[in-house]
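Spelled out, the chains give:
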Amino acid sequence: MRIKLTLPYETILEEEVDKITAPGAEGSFQILPKHIDVVWTLQPGILILSKDDQKKYFAIHKGVLVKKDDIVYVSTFHAIEGDSLDGLNEAIKENFKKLDDREKKAQKVLIKLETDTMRRFMEIEL
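Cut-offs used in this document
- Residues numbered from 1 in each chain as written.
- Predicted model: local features only at pLDDT ≥ 70, side-chain atom pairs only at ≥ 80, totals over all residues.
- Heavy atoms only, no water.
- Helix = DSSP H or I, 4+ residues; strand = E, 2+ residues; numbered from the N terminus.
- Rg over C-alpha atoms; globule rule 2.2 N^0.38 Å.
- Buried < 20%, exposed > 50% of the residue type's maximum accessible area, 1.4 Å probe, protein only.
- Contact = heavy atoms within 4.5 Å.
- Areas by Shrake-Rupley, 256 points an atom, 1.4 Å probe, with all protein chains shown as cover.
- Lys, Arg positive; Asp, Glu negative; His and termini not counted.
- Charge placed at Lys NZ, Arg CZ, Asp CG, Glu CD.
- Patch = residues over 30% accessible without salt bridge, like charges linked within 9 Å, V, L, I, M, F, W, Y side chains within 5 Å.
- Salt bridge = Lys/Arg side-chain N within 4 Å of Asp/Glu carboxyl O.
- Core = buried A, V, L, I, M, F, W, Y, C linked by side-chain atoms within 4.5 Å.

Asker: Provide a residue-level description of the overall build of the protein chain, including the pertinent values.
Answerer: A count of helices and strands for the protein chain gives one helix and 10 strands. Expected size for 126 residues packed as a compact globule is a radius of gyration near 14 Å; at 19 Å, the protein chain overshoots this value by more than 25%. Projected onto its principal axes, the C-alpha positions of the protein chain cover 70 × 30 × 30 Å. Across the 126 residues that make up the protein chain, the buried fraction comes to 29%. Across the protein chain, contacts joining residues at least 24 apart in sequence account for 46% of those joining residues at least 6 apart. Here the protein chain has roughly 8800 Å² of accessible surface; of this, 54% comes from carbon and sulfur atoms. Measuring between centres, the 20 positive side-chain charges of the protein chain sit 4 Å from its 23 negative side-chain charges.

Listed below in structure tokens is the structure:
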């Protein structure tokens, strides 16, 4: 089967694989070539691509996996390739923590904007 791994701005991988192990909402799951067509949401974790005796590892930060016929599409906002699980573990801690911190800051700014907007509407009504 063929996998196509994409980020919002580029395709980072497109190749043949024998097996895919992905992090789902209810835990990890595997897809083999004869698997039925399906759509899954992906949680932050490790995507493992197996071909013969070789494995590729990608740390992903949420996403969607769609299997249609002989092609598996994986779309995620962030992905980091690694040679080993140990190396990816460190990369995940560093990079995804930064992303989570940025998301928290963005949420705080958004909440402040919404609060200020509501306050101004209330002042206009008075």
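Asker: Outline a positive patch on the surface, supporting the account with residue identities and numerical values.
Answerer: Taken together, the side chains of Arg102, Lys104, Lys105 and Lys108 present a region of like positive charge at the surface. Within the element layout of this structure, arginine 102 appears in helix α1 (residues 85–125).

Asker: If you had to explain the pattern of salt bridges to someone new, which residues and values would you point to?
Answerer: If you walk through the whole model with that rule in mind, you get six salt bridges. The partner of arginine 2 in a salt bridge is glutamate 14, with the nearest N and O atoms 3.6 Å apart. With a gap of 12 residues between them, arginine 2 in strand β1 (residues 2–7) and glutamate 14 in strand β2 (residues 10–16) connect regions that are remote in the sequence. Looking at arginine 2, the relative accessible area reads 27%, which means it is partly exposed.

Asker: An account of the nonpolar core is needed here, citing residue identities and associated values.
Answerer: Counting residues in each nonpolar core, the largest one holds 17 residues, and the members touching the most others are Ile20, Leu47, Leu49, Leu65 and Val74. Put simply, the parts of the chain that give this core at least two residues each are β1, β3 (19–24), β4 (27–31), β6 (45–51), β7 (54–60) and β9 (71–76).

Asker: With reference to specific residues and values, describe unusual backbone geometry.
Answerer: Even without glycine at this site, lysine 62 takes up a positive phi of about 65°. Taking relative accessible area as the criterion, lysine 62 reaches 40% and is therefore assigned partly exposed. One non-glycine residue with positive phi stands out, namely aspartate 69, at about 60°. Locating aspartate 69 in the fold gives a position in the loop between β8 (63–68) and β9.

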